[in-house]
Structure formats: C-alpha cells, structure tokens
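Report on the structure
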Amino acid sequence: MKISAQMLNEASFKREIAKFEKMTGRGVDAGVKQIAESTGRSLASKIRPYGMSAKKGKQFEENIHEQIKHVRYGVNVGAYPGSNISSAHNQQRRNGRVRIRKVSGKGWKDTISEGDMQAYARKQAAKAGMVKAGWIDAANKATGSNLKRIPRWISRHLGKGLGAGRMYKRGANTFLDIENKARHASRAQSDREVRSALYQGRKNALKFMMLQIRKSTSTLR
C-alpha cells in the first residue's frame, strides 16, 4: 500500500510550521519531519488490533493461538477440510482472521497433532506486528531516523524491507511518499482507516509543535 501526501498544502499549517521554526530555532525541516513521524506512527496504530502497546501485542499473539487451536479442532472433528494445519488455517482465514464459532462433527480424529498445531501457532504469532512495522519502517526511511518507543512485537520486524519512504520538495510544497510493503498490508487496512490515520497524524504533529512553541515562549518571559 503506497500513500503520497502533500504535507504543507494548507495556509494555516504553513503558518504553524513557520512559527515553530521561529520560536524553537529548529527549522522547517524539523517540523516536516515531525509530521512524517507522527503520520507513520498513526498509520501503524490504525491497523487492527488498534494501538501498539506491548499489552495489545500479547493479546494479539494469544488470539492467533486461539484461532489456530480452533482450526485444528474443526479439522479433527470433520467440520473443516484440510490435512495439515497450514492449509486448513489459510482456508478459514478471512481478512487475516479466523472467526471462532461453535462447530460440530462426526467424532474426533487426530488428523492434525497437538505438536504440529503448537509449532505452527508459534510461527504465526511471531509474525504479529509485521504490517504495523511496515508503516514504522516507511517513516524511518522517509525521515532518516528511527521512531522511538516502538514495542518489541513491532520493532522485531524493522529493517527487513517492509517499508519505503521519502520526503521531497516540489516548488513551494513538501511531499511525503510512504509505502507499506508488508504482505497483506492493503487488506489489513481500509481506506477509511488510512484517512483517519492521516488526519490524526497531522493533528498530533501540530499538537507537538504548539507544545514546543509554548515551551519556547515561556522561557522568554
């Protein structure tokens, strides 16, 4: 999924950037960089499960285990097709998730063993956070620095080519190109979620810059 955004296309936002430069002495590029970082973080947060906390990651991994456990049960009672856990899991996934529901069958057969299920579940759980990491990686590439305070379940995937990004100027305008190259990225996030994330990213960046302006103003009193 690739996003191109014109970052300084509103007069009011340009004024805030100029004020940020004047009051903090950090320059326009620092303000633009803050927008890019905030946008990348917001895009990562707006992928289900929403948020990026370590607690959220642990819950996500536990959910993956439960979904795969459910698939094994379904196959072994004859409710779901499949002869191995990988193919059976892929058949039951919709938009990356398995809906856990009550199933009935014709009796238990150990078609998929406990050991195979557990090994596969660990492998799949280790992939949790990859799509979120794609946006973080893209923001890092665009700004030339690494976002801080990224939890382990996401940061473990960084540096693997999951994202691409750049900031560039065309005339008086500054643009941001970021791309999430993670597999299934386009299916994991809706257009509505992307629009919401872009809005929130700009809002958070402006909030940060205004805070820095207030701090600079208070030191002059």
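Up top you'll find the structure we're talking about.
A brief report on the enclosed structure follows. (Residues numbered from 1 in each chain as written. Predicted model: local features only at pLDDT ≥ 70, side-chain atom pairs only at ≥ 80, totals over all residues. Heavy atoms only, no water.)

Quick notes on the environment of E66
Tracing the chain through its elements places E66 in helix α3 (residues 54-76). With a relative accessible area of 43%, E66 lands in the partly exposed category. Between the alpha carbons of E66 and A121 there is a distance of 8.7 Å; along the sequence they are 55 residues apart. (Helix = DSSP H or I, 4+ residues; strand = E, 2+ residues; numbered from the N terminus. Buried < 20%, exposed > 50% of the residue type's maximum accessible area, 1.4 Å probe, protein only.)

Considering helix α6 (residues 130-143)
With 14 residues, α6 extends 20 Å between its outermost C-alpha atoms, agreeing within 8% with the 20 Å of an ideal straight helix rising 1.5 Å per residue. The buried count for α6 comes to 12 of 14 residues, which makes it a mostly enclosed element. For α6, every residue scored as buried is listed here: V131, K132, A133, G134, W135, I136, D137, A138, A139, N140, A142 and T143. In the segment just after α6, G144 is the residue with positive phi, at about 75 degrees. (Expected span 1.5 Å × (residues − 1).)

A word on the environment of K181
Checked against the element boundaries, K181 lands in the loop between β3 (173-180) and α8 (185-188). Along the primary structure K181 and M1 are separated by 180 residues, whereas in three dimensions their C-alpha atoms are 6.6 Å apart. Filtering out sequence-adjacent residues up to four positions away, K181 remains in contact with G161, L162, G163 and A164. (Contact = heavy atoms within 4.5 Å.)

Side note on the packing of helix α4 (residues 85-92) against helix α5 (residues 114-125)
For the pair α4 and α5, the least separation of the axes is 10 Å and the interaxial angle reads 55 degrees. As summarised for this structure, α4 and α5 are arranged oblique, according to the angle between their axes. Residues I85, S86, H89 and N90 of α4 touch α5, and the partners they reach there are D116, Y120 and Q124. In terms of residue class, the contact of α4 with α5 is made up of 2 nonpolar, 4 polar and 1 charged. (Axes fitted to C-alpha atoms, helices over the stretch in contact; angles between N-to-C directions. Parallel < 35°, antiparallel > 145°, perpendicular 65-115°, else oblique. Nonpolar A, V, L, I, M, F, W, Y, C, P; charged D, E, K, R; others polar.)

Section: unusual backbone geometry
Omega for the bond connecting R48 with P49 falls within 30 degrees of zero, at 0 degrees, which places this linkage in the cis form. Within the secondary structure, P49 sits in the loop between α2 (27-45) and α3. The backbone phi angle of N95 is positive, close to 55 degrees, even though this residue is not glycine. Classification of N95 as exposed rests on a relative accessible area of 56%.

Some thoughts on α5
Three- or four-residue spacings in an α-helix give side chains the same orientation, since the helix completes a turn every 3.6 residues. If you check α5, its first and last C-alpha atoms are 16 Å apart, about what 12 residues at 1.5 Å a residue would give, namely 16 Å. Turning to α5, its buried residues are M117, Y120, A121, Q124 and A125. Seen from one end, α5 has its buried residues packed into an arc of 130 degrees, which puts them on one side. Summarising the geometry of α5, the exposed residues directed more than 90 degrees from the buried face are R122 and K123. In this fold, the buried residues of α5 make contact with α3 and α4. (Arc of directions from axis to C-beta.)

Observations concerning the environment of I35
Note that I35 resides in helix α2. Assessed through its relative accessible area of 2%, I35 is described here as buried. Sequence spacing of I35 and L176 is 141 residues, and the spatial spacing of their C-alpha atoms is 9.4 Å.

Regarding the packing of aromatic side chains
Inspection of the entire model under this criterion finds 3 aromatic pairs. Ring plane angle 15 degrees and centroid distance 5.5 Å describe the contact between Y168 and F175, whose orientation is recorded as stacked. Residue classification places Y168 among the buried positions, given a relative accessible area of 18%. Taking the relative accessible area as the measure of exposure, F175 reaches 15% and is therefore buried. One Lys or Arg, K46, reaches over the ring of Y50 and ends 6.0 Å from the middle of that ring. Across the ring face of Y168, the terminal group of R166 is positioned such that the distance to the ring centre comes to 4.0 Å. (Phe/Tyr/Trp six-rings, centres within 6.5 Å; stacked < 30°, edge-to-face > 60°. Lys NZ or Arg CZ within 6 Å of the ring centre and 35° of its normal.)

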